Amino acid sequence: MTTPLQRIHNVRLATMTDAGYGLIDDGVVVFDQSQILYAGARSKAPEYPQAEQIDGYGGLLTPGLIDCHTHLVWAGSRADEFAQRLHGVSYADIAAQGGGIAATVRATRAATEQQLVAVTEPRLKALMREGVTTVEIKSGYGLSLADERKQLRAARQLAVQHPVSVATTLLAAHAVPPEFKDRADAYIDEVVNCIIPTLANEGLADAVDAFCESVGFSPAQTERVFQAAKAANLPVKLHAEQLSNQHGSALAASYQALSCDHLEYLDEAGVKAMAAAGTVAVLLPGAFYFLRETKQPPLALLREHGVPIAVSTDANPGTSPILSLQLMLQMAATLFRMTPEECLRGVTVNAAKALGLNDRGQLREGLRADLCLWNVDDPAALTYQFGTNPLAACWHQGARR
């Protein structure tokens, strides 16, 4: 029988406990089935002779990776639309033919909960193979009480069936469903009076999100969503400033939002509001790449004002059908000019902050034993290269998977 204590030695630690990597050469991490008992230099490590000894062979040990913004549960495919766009068909024409998010909503509504679990499993496993131990999954392709519930239940079920933690986010204010066409305010009535309170009461949502944009919901409509979330004692997040500056980030910050995400059109006032509220900026280079955007998020302003920066896949069928968080590290560096330190912090400690989780994201005594062992000794290598997977081993809550 395996001892509940494990001790990894002969490793370099990227603890993520300072402004950079928090590197410790010749490190040791000792953990049990729930938490880290020691993380530090071998010279100061307790012996723990009863622990299972694991040789890291000179590799790099990091916290488990956290993908803090995904739309992982959906049915159907949008590959045909991608092909149409490359043949010159406009998005407006595709939408007029019933494509775009409406196509995903139809397919998701038609699927059963078990079918949603089945089609999502390969996506989740792809993230897990690259060291993801915590993933956020949003709803937003149901757009009705029954179908938003179905998406969130599928997300919860995935966490039960696989060694990964799932944070669920209710994104009912993602788009106006077809039955509410040209009646966005009436749909927001349904969201705030029925969907949010009901699903919050059922314990299916860990947070509430909205799409505040010229093609989404207005700031006034978004604030109504935030007020309903507050009444339900749920924290908020926001898709903000992706295509235009609606000043949604400042609004979200006034509600102490966990994060604001995308942010290409974010201005300094929004940055200052986020900094004052401790709101995390989640950058999504996959969507930037897939949509061939040219307006970059204001990285210099975020740095200047000390806003924590996270990085995520935004895995979704329409604008970021990407299932590689490791690729996002490379894209964040190449497209946004983030440093390797910022990139790795963006999928560990800052990603944890973006989900309001203070028990993971660092190698530190008392935190969860979510760990990744990599066949590299320089943490910059995780950002430098893609197309190969250097993950040697991964532990989720102390159990090797």
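Reading the values: the criteria
Residues numbered from 1 in each chain as written. Predicted model: local features only at pLDDT ≥ 70, side-chain atom pairs only at ≥ 80, totals over all residues. Heavy atoms only, no water. UniProt positions renumbered as here; feature names shortened; annotations may be inferred. Helix = DSSP H or I, 4+ residues; strand = E, 2+ residues; numbered from the N terminus. Buried < 20%, exposed > 50% of the residue type's maximum accessible area, 1.4 Å probe, protein only. Contact = heavy atoms within 4.5 Å. Axes fitted to C-alpha atoms, helices over the stretch in contact; angles between N-to-C directions. Parallel < 35°, antiparallel > 145°, perpendicular 65-115°, else oblique. Left-handed = near helix turned anticlockwise from the far one by under 90°. Nonpolar A, V, L, I, M, F, W, Y, C, P; charged D, E, K, R; others polar. Salt bridge = Lys/Arg side-chain N within 4 Å of Asp/Glu carboxyl O. Pairing = 2+ DSSP bridges.

Asks: Lay out the UniProt feature "binding site: N-formimidoyl-L-glutamate" (unreviewed entry) in the protein with the relevant residues and their values.
Replies: Here the UniProt-annotated "binding site: N-formimidoyl-L-glutamate" (unreviewed entry) positions come out as Y141, N316 and G318. Taken along the chain, the residues just named run across 178 residues; in space they keep tight, none of their C-alpha pairs more than 11.4 Å apart. Within the fold, N316 resides in the loop between strand 12 (309-311) and helix 12 (325-336). Residue class for N316 comes out buried when judged on its relative accessible area of 4%. Once you skip the residues sitting within four places of it in the chain, N316 turns out to touch H71, W74, Y141 and P321. Here G318 lies in the loop between strand 12 and helix 12. For G318, the contacting residues outside a window of four places in its chain are R78, R85 and F290.

Asks: How would you summarise the packing of helix 4 (residues 113-129) against helix 5 (residues 145-161) if you had to cite specific residues and measurements?
Replies: Running from N to C, helix 4 and helix 5 point in directions that differ by 55 degrees, and their axes come no closer than 9 Å. The angle between helix 4 and helix 5 falls in the class oblique. Note that helix 4 runs across helix 5; the crossing there is right-handed. Where helix 4 approaches helix 5, its residues E113, Q114, L116, V117, T120, E121 and L124 are matched on the opposing element by K150, Q151, R153, A154, Q157, L158 and Q161. Of the residues belonging to the contact of helix 4 with helix 5, the class tally is five nonpolar, five polar and four charged.

Asks: Talk me through unusual backbone geometry; I want residue IDs and the actual numbers.
Replies: You will see that L263, though not glycine, has its phi angle at about 75 degrees, which is positive. Along the chain, the position of L263 falls in the loop between strand 10 (259-262) and helix 9 (268-277). For Q397, which is not a glycine, the phi torsion comes out positive at approximately 50 degrees.

Asks: Outline the pattern of salt bridges, listing residues and values.
Replies: Here the structure, examined in full by the defined rule, presents 15 salt bridges. Taken together, the salt bridges that share partners define one network made up of R109, D147, K150 and E179.

Asks: Quick one: what's the story with the sheet that holds strand 6 (residues 132-138), residue by residue and with numbers?
Replies: Pairing between the strands of a sheet comes from backbone hydrogen bonds, and it takes one of two forms, parallel or antiparallel. Spatially, 5-6-7-8-9-10-11-12 is the arrangement adopted by the eight strands of the open sheet, whose pairing is parallel. The strands lining the two open edges of the sheet, one partner per strand, are strand 5 (65-67) and strand 12. Each neighbouring strand pair of the sheet contributes to a mean axis angle of 25 degrees, computed without reference to strand direction. As defined by bridge partners, strand 8 (residues 207-212) adjoins strand 9 (residues 237-240) across two bridges and the pair is classed as parallel. Residue pairing across strands places F211 opposite H239, the latter belonging to strand 9. With respect to the sheet, helix 7 (residues 219-231) is in contact with strand 7 (165-173), strand 8 and strand 9, its orientation differing from that of strand 8 by roughly 175 degrees.

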